[in-house]
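As a plain string of letters, each chain reads:
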Amino acid sequence: MADKLTDAFLDFLRLEVADGDASPDTVRGYSAQVRLWLCWCRQRGLDPLSATPEAIKKYGEYLLVGGYRPSSISFKLSILRRLYEAAVAQGLRSDNPAAKVRPPRSRKTW
């Protein structure tokens, strides 16, 4: 299932980001963030296509504990929102589980 999700996201990057003219660095950066998410899911036995808002929030907590700043977590979550927008657009999901997940306001709280 992750392959379908990844394919949908790559199509989204190719067609939508920067009006279809995303730089190779942008595509690489976004793709790297998606790979990190998919790896995190795989390590926990989660199907990323069936992710819940709670799973995405746990990922954010994992990033926070890992030392990422709230601004970096915000960036990573924005890419997950776009990943799941692509999944919705491709008919792989009916909702975007990342839509309402927000980053922590500080390094101490979620």
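These figures come from a predicted structure and were not determined experimentally.

Criteria and thresholds
- Residues numbered from 1 in each chain as written.
- Predicted model: local features only at pLDDT ≥ 70, side-chain atom pairs only at ≥ 80, totals over all residues.
- Heavy atoms only, no water.
- Helix = DSSP H or I, 4+ residues; strand = E, 2+ residues; numbered from the N terminus.
- Buried < 20%, exposed > 50% of the residue type's maximum accessible area, 1.4 Å probe, protein only.
- Lys, Arg positive; Asp, Glu negative; His and termini not counted.
- Salt bridge = Lys/Arg side-chain N within 4 Å of Asp/Glu carboxyl O.
- Contact = heavy atoms within 4.5 Å.
- Axes fitted to C-alpha atoms, helices over the stretch in contact; angles between N-to-C directions.
- Parallel < 35°, antiparallel > 145°, perpendicular 65-115°, else oblique.
- Left-handed = near helix turned anticlockwise from the far one by under 90°.
- Nonpolar A, V, L, I, M, F, W, Y, C, P; charged D, E, K, R; others polar.
- Core = buried A, V, L, I, M, F, W, Y, C linked by side-chain atoms within 4.5 Å.
- Polar contact = N/O pair within 3.5 Å; in protein donor to acceptor, adjacent residues only side chain to side chain.
- pLDDT = per-residue confidence, 0-100.
- Expected span 1.5 Å × (residues − 1).

Caption draft 1: Molecular detail of the side chain of R81. Structurally, the position occupied by R81 is in helix α4 (residues 70–89). Although R81 is buried, it makes no salt bridge; E85 carries the closest opposite charge, 6.3 Å away. If near-sequence neighbours (up to four positions away) are discounted, R81 is found in contact with S74, N96, A98, A99, V101 and R102.

Caption draft 2: Representation of the packing of helix α3 (residues 53–65) against α4 in the model. α4 packs onto α3 with a crossing angle of 155 degrees between their chain directions and a minimal axis gap of 10 Å. The orientation of α3 relative to α4 falls into the category roughly antiparallel. With respect to the hand of their crossing, α3 and α4 are arranged in right-handed fashion. Contacts between α3 and α4 involve I56, Y59, G60, L63 and L64 on the former and, on the latter, I73, K76, L77, L80 and Y84. Classifying every residue of the contact of α3 with α4 gives eight nonpolar, one polar and one charged.

Caption draft 3: A look at the pattern of salt bridges. Inspection of the entire model under this criterion finds two salt bridges. In this structure, the salt-bridge partner of D25 is R28, at a minimum N-O distance of 2.2 Å. Here D25 pairs with R28, and both are found in helix α2 (residues 24–43), just three residues apart, close to one helical turn. Close ionic contact of D95 with R93 constitutes a salt bridge, the shortest N to O distance being 2.9 Å. For R93, a relative accessible area of 13% gives the class buried.

Caption draft 4: The arrangement of the nonpolar core in detail. Core analysis: the biggest nonpolar cluster contains 27 residues, and L5, F9, W37, I56, L80, L83 and Y84 have the highest contact counts within it. Secondary structure elements with two or more residues in this core: α1 (2–15), α2, α3 and α4. Those residues in contact with I56, other than ones at most four positions away along the chain, are W37, L77, L80, Y84, P97, A98 and V101.

Caption draft 5: Inspection of the environment of D47 at higher detail. Looking at where D47 falls in the secondary structure, it is placed in the loop between α2 and α3. A distance of 3.0 Å separates a polar atom in the side chain of D47 from the backbone nitrogen of L49.

Caption draft 6: A look at the confidence of the model for the chain. Averaged over all residues, the pLDDT of the chain is 87; the fraction at 70 or higher stands at 88%. Confidence, read as mean pLDDT per element, is least for α1 in the chain (77) and greatest for α3 (95).

Caption draft 7: Quick peek at α3. For α3, spanning 13 residues, the distance from its first C-alpha to its last is 18 Å, which sits close to the expected 18 Å at 1.5 Å a residue. Of all the positions in α3, only A55, I56, Y59, G60, L63 and L64 are classed as buried. Turning to α3, the residues buried within the fold contact α2 and α4. Downstream of α3 by one or two residues, G67 has phi in the positive range, about 100 degrees.

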